[in-house]
Each structure stands twice: as C-alpha cells, then as structure tokens.
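Inside the fold
Below, each chain spelled out in residue letters.
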Amino acid sequence: MNEKYERQMKKGVLDMLMLKLLLQQPKYGYQLISEMKEKSGGVFVLKEGTLYPVLYRLEDEKLVESRWSEPEGKQLPRKYYAITEKGKDTLAEMIRMWNQISEGIERIVEEEAYDC
C-alpha cells in the first residue's frame, strides 16, 4: 500500500521538477532522468514511460519547447527540451503553491506527531 501513496505524491510534483531541471539549460530525456535521480538522492527514479508523457504534456501546454540536435559524428540526433517564458512564470507559481502546501502539511504533521 505504501507504493500507491508514494506514486501519487511523486506524480503531483513531476511537472514542477521537470521545469526546474530545465531552468538552467535545455536537456534531452536521458539527462533529465539522470539528473532527477542524482539531485533527488534516488527518490525520483523515472522510466522513459513516465518521463515522456510529462514532457509531451508540458509541451502541449507551451511550458516547454523541443528541438532536435544535429547529428555529430556517430552520435544520433537528440530531442532537447527547453523551458519557455510561460514555463518560467508557471514554475514560479508552482513553487509558491508548493511552499504554501508544504507549510500547511508541516503544521498538521507536526501537530499530529505528538499524538501518535
């Protein structure tokens, strides 16, 4: 049962985390998967089947845009994703909402922790 709740909680923040990872520079899928795992200390280990639907949705919402790289030598072209201005504005709002939600949760959890 724990996996069900963990999945639901993680799913709710993936859009925000993807936008945050794209804030500094465009990245391709495998980079996003690796960086998400590394920066989260292994908490977020994504599969391609989870990553790409998130990226496609963000692209449909005009929060990210994609472009193909030019092949170099034997390297195949890669599809890079970059955050848009709308994506930056949305990310700032998401972070504000996340902070409010986190603070509210923290208050409730701390209060209830003493009752356990």
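Note: the structure precedes this text.
Residues numbered from 1 in each chain as written. Predicted model: local features only at pLDDT ≥ 70, side-chain atom pairs only at ≥ 80, totals over all residues. Heavy atoms only, no water.

Some details on the overall build of the protein chain
The cut-off we apply is this: The secondary structure listing takes helices from DSSP runs of H or I that are at least 4 residues long and strands from runs of E that are at least 2 residues long, numbered from the N terminus. The reference for a compact globule is 2.2 Å times residues^0.38; the radius of gyration itself is calculated from the C-alpha atoms. Type-normalised accessible area, obtained with a 1.4 Å probe on protein chains alone, sets the label of each residue: buried when under 20%, exposed when over 50%, and partly exposed for intermediate values. Only the protein chains shown count as covering a residue, and every accessible area follows the Shrake-Rupley method with a 1.4 Å probe.
If you tally the helices and strands in the protein chain, you get 5 helices and 3 strands. For a compact globule of 116 residues, the expected C-alpha radius of gyration is about 13 Å, and the protein chain comes in at 17 Å, more than 25% above that figure. In terms of principal-axis extent, the alpha carbons of the protein chain reach across some 65 × 30 × 20 Å. When the 116 residues of the protein chain are sorted by exposure, 28% land in the buried category. When the accessible surface of the protein chain is totalled, it reaches about 8,700 Å², and 53% of it is carbon and sulfur.

Quick notes on the packing of helix α2 (residues 14-22) against helix α4 (residues 48-60)
Applied cut-off: Interaxial angle, 0 to 180 degrees, is taken between N-to-C directions of lines fitted to C-alpha atoms, where a helix line uses only the stretch in contact. Working definition: roughly parallel below 35 degrees, roughly antiparallel above 145 degrees, roughly perpendicular at 65 to 115 degrees, and oblique for all remaining angles. The contact criterion used is simple: two residues touch if any of their non-hydrogen atoms lie within 4.5 Å. Only Asp, Glu, Lys and Arg are considered charged in this grouping, and only Ala, Val, Leu, Ile, Met, Phe, Trp, Tyr, Cys and Pro are considered nonpolar; every other residue, Gly among them, is considered polar.
In the contact formed by α2 and α4, the axes pass within 10 Å of each other and the chain directions differ by 80°. Our classification of the angle between α2 and α4 gives roughly perpendicular. For the pair α2 and α4, the contacting residues are Leu 14, Asp 15, Met 18 and Leu 19 in the first and Thr 50, Leu 51, Val 54, Leu 55, Arg 57 and Leu 58 in the second. Classifying every residue of the contact of α2 with α4 gives 7 nonpolar, 1 polar and 2 charged.

What to know about a nonpolar patch on the surface
Just so we agree on the cut-off: Residues forming no salt bridge and having over 30% relative accessible area are the ones grouped into patches, like charges within 9 Å of each other and nonpolar side chains (Val, Leu, Ile, Met, Phe, Trp, Tyr) within 5 Å. We define a salt bridge as a side-chain nitrogen of Lys or Arg found within 4 Å of a carboxyl oxygen belonging to Asp or Glu.
Taken together, the side chains of Met 97, Ile 101, Ile 105 and Val 109 present a nonpolar region at the surface, about 350 Å² in accessible area. Position of Ile 105 relative to the elements: it lies in helix α5 (residues 85-113).

Let's talk about α4
Put simply, the rule reads: Here, expected helix span is obtained from the residue count minus one, scaled by 1.5 Å. This arc corresponds to the set of directions leading from the helix axis out to the C-beta atoms.
Here α4 contains 13 residues, and its C-alpha end-to-end distance of 18 Å stays within 8% of the 18 Å for a straight helix at 1.5 Å per residue. Among the residues of α4, those classed as buried are Leu 51, Val 54, Leu 55 and Leu 58. The arc that holds the buried residues of α4, viewed along the axis, is 95°, so those residues lie on one side. Counted as exposed and oriented over 90 degrees from the buried face of α4: Gly 49 and Asp 60. Where the residues of α4 are buried, they touch α2, α3 (29-39), β2 (64-68) and β3 (79-83). A positive backbone phi angle near 65° is found at Lys 62, which sits one or two residues after α4.

Remember, this is a structural readout, not a statement about activity or role.
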